[in-house]
Amino acid sequence: AQSVTQLDSQVPVFEEAPVELRCNYSSSVSVYLFWYVQYPNQGLQLLLKYLSGSTLVKGINGFEAEFNKSQTSFHLRKPSVHISDTAEYFCVVYGGSQGNLIFGKGTKLSVKP
Amino acid sequence: NAGVTQTPKFQVLKTGQSMTLQCAQDMNHEYMSWYRQDPGMGLRLIHYSVGAGITDQGEVPNGYNVSRSTTEDFPLRLLSAAPSQTSVYFCASRSGNWGEQFFGPGTRLTVL
C-alpha cells in the first residue's frame, strides 16, 4: 500500500532563507506524487505534481520538488522564502484504487521576519 | 465558475443530533470526495464518488453516509453526531485520475 511520511511537523525559518520540506514515500507500484499547500483558515491548493518525466518539478510561488526514486523521496524546496509562504504543506501520493489521494500529516512552515 | 462550494462554514451540534454537510461543484467533475482534517493527522478520506449513483468508502467512513444523485452535488450526512466527529471537513472534486483536485473552503464542525 502507498504511504507518505513527512519528516518534520514544524519548520521555522527566517525570511529570505532557503527551505526544504522533506517527504518520503513507499509504494509498490508506479508513483505519482503531489504537494498541496493550505494557507491559514483556507482550503488546499495544488503546488506541484510529479506524474512522469523530468524528476525536477517546478510549481507555483517559486517552489520546486525533486523526485528521487533511489531514496524514495520527494522533497519540496524554495531558495528564498517570504512571510506569505507561512502555511501548512502536505505531501500526497496517489493511492491507486479509484484515484484516491493519500495525505501525509503535514509540515507547518513558519516564516519569521 | 464558483468551483467547489461548501455549506455551512461553521456548525455546532449536540451529541446524537444529525445533520448534512452540503458540497457542490460546477466544473462537471466526475470524481468527488470528502475528507476530515484533524491536527497532526493530515487529511483522511471519508467517502468518495466516481460518478452519479456511485459511491464508496474511504479510510474513515464510520458514522457518515453519502449519496450522489447528480454530478454537481455530494452531501455528507452525519447520522448521530459524536464528539469524535469534531473536525474540519473538506469536499473536493477533480476530472479524471490525474486532474488537479480542487478543494472547498471547509466546514468547521464542533460536536458537544
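Owing to the predicted nature of the structure, the values given are computational and were not obtained by experimental measurement.

**Q** I tried to follow the overall build of chain A on my own but got confused; where do I start?
**A** Each helix and strand in chain A was counted, giving 0 helices and 12 strands. Listing each helix as α and each strand as β along chain A from the N terminus yields β-β-β-β-β-β-β-β-β-β-β-β. For a compact globule of 113 residues, the expected C-alpha radius of gyration is about 13 Å, and chain A comes in at 13 Å, within 12% of that figure. Projected onto its principal axes, the C-alpha positions of chain A cover 40 × 30 × 20 Å.

**Q** What should I look at first to understand the interface of chain A and chain B in this one?
**A** Frequently, the measure chosen for interface size is the accessible area removed from exposure when the parts meet. In this assembly, 21 residues from chain A lie in contact with 20 residues from chain B. With both sides pooled, the region where chain A packs onto chain B buries about 1,700 Å², and carbon together with sulfur makes up 55% of that total. Put simply, chain A and chain B have 0 salt bridges between them. Between the two partners, chain A and chain B, sit 3 residue pairs in polar contact (both at pLDDT 80 or more). Mapped onto the side of chain A that touches chain B, the elements with two or more residues apiece are strand E5 (33–38), strand E6 (44–50), strand E10 (87–94) and strand E11 (101–103) of chain A.

**Q** Could you clarify how one ought to interpret the packing of aromatic side chains in this entry?
**A** How two aromatic rings sit relative to each other is set out by the distance from centre to centre and by the angle between their planes. In the structure shown here, the tally under the stated rule is 14 aromatic pairs over all chains. Between Phe63(A) and Tyr89(A), the ring centres sit 5.4 Å apart and the planes meet at 45 degrees, which makes this aromatic pair tilted. Pair noted here: Phe63(A) is in the loop between strand E7 (56–58) and strand E8 (64–68) and Tyr89(A) is in strand E10, with a separation of 26 residues, a long-range link. As far as the burial class goes, Phe63(A) and Tyr89(A) line up, both buried. Chaining the aromatic ring pairs together yields one cluster made of Phe34(A), Tyr36(A), Phe90(A), Phe103(A), Tyr35(B) and Phe103(B).

**Q** Teacher, can you tell me more about the side chain of Gln37(B) here?
**A** Within the fold, Gln37(B) resides in strand E4 (residues 31–38). In contact with Gln37(B), other than residues within four places in its own chain, are Gln38(A), Glu88(A), Phe90(A), Gly42(B), Leu43(B), Ser87(B), Val88(B) and Phe90(B).

**Q** Explain the environment of Tyr64(B) to me, please; I cannot follow it from the model alone.
**A** Residue and element names in this part refer to chain B. Following the sequence through the fold, Tyr64 ends up in strand E7 (residues 64–66). Owing to a relative accessible area of 4%, Tyr64 belongs among the buried residues under this scheme. Residues Tyr64 and Ala2, spaced 62 residues apart in sequence, show a C-alpha to C-alpha distance of 26 Å. Tyr64 has contacts with Arg36, Ile46, His47, Leu76, Arg77, Leu78, Gln85 and Tyr89, leaving out every residue within four places of it along the chain.

**Q** I'm lost on the pattern of salt bridges in this one. Help?
**A** Note on pairing: side chains with opposite charge can pair once their charged atoms come close. All names here are of chain A. Overall, the coordinates contain 7 salt bridges over all chains when judged by the stated rule. Note that Glu64 is salt-bridged to Lys58, the shortest N-O span being 2.8 Å. Judged by its relative accessible area of 61%, Lys58 falls in the exposed class. One salt bridge in this structure joins Glu66 and Arg77, with 3.5 Å as the shortest N-O distance.

**Q** Just checking my understanding: could you explain the sheet that holds strand E1 (residues 4–7) of chain B for this structure?
**A** Paired through backbone hydrogen bonds, the strands of a sheet run either parallel or antiparallel to each other. Residue and element names in this part refer to chain B. As summarised here, the arrangement of the 4 strands in space is E1-E3-E8-E7, forming an open sheet in which the pairing is antiparallel. Every interior strand has two partners, whereas the edge strands, E1 and E7, have only one. Strand-to-strand, the axes of this sheet are offset by a mean angle of 20 degrees, without reference to chain direction.

**Q** I would appreciate a short explanation of the pairing of E5(A) in the present structure.
**A** A regular strand places its side chains so that they alternate between the two faces of the sheet. Residues and elements named next belong to chain A. With respect to burial, E5 is a largely interior element, 6 of its 6 residues being buried. Burial of E5 is two-sided: the residues Leu33, Trp35 and Val37 facing one way and the residues Phe34, Tyr36 and Gln38 facing the other way are all buried. Of the strand pairs in this sheet, E5 and E6 are connected by 6 bridges, and their pairing is antiparallel. For Tyr36, the partnering residue across the bridge sits in E6 and is Leu46. Between E5 and the antiparallel strand that follows it, E6, lie 5 residues; Asn41 among them carries a positive phi value of about 60 degrees. Judged from the 6 bridges that link them, E5 and E10 form a sheet pairing that is antiparallel. Residue pairing for E10: Tyr36 is matched across the bridge by Phe90.

Each value, and the rule that gives it
Residues numbered from 1 in each chain as written. Chains lettered and ligands numbered in written order. Predicted model: local features only at pLDDT ≥ 70, side-chain atom pairs only at ≥ 80, totals over all residues. Heavy atoms only, no water. Helix = DSSP H or I, 4+ residues; strand = E, 2+ residues; numbered from the N terminus. Rg over C-alpha atoms; globule rule 2.2 N^0.38 Å. Contact = heavy atoms within 4.5 Å. Buried area = accessible area lost by both parts, 1.4 Å probe. Salt bridge = Lys/Arg side-chain N within 4 Å of Asp/Glu carboxyl O. Polar contact = N/O pair within 3.5 Å; in protein donor to acceptor, adjacent residues only side chain to side chain. Phe/Tyr/Trp six-rings, centres within 6.5 Å; stacked < 30°, edge-to-face > 60°. Buried < 20%, exposed > 50% of the residue type's maximum accessible area, 1.4 Å probe, protein only. Pairing = 2+ DSSP bridges. Axes fitted to C-alpha atoms, helices over the stretch in contact; angles between N-to-C directions.

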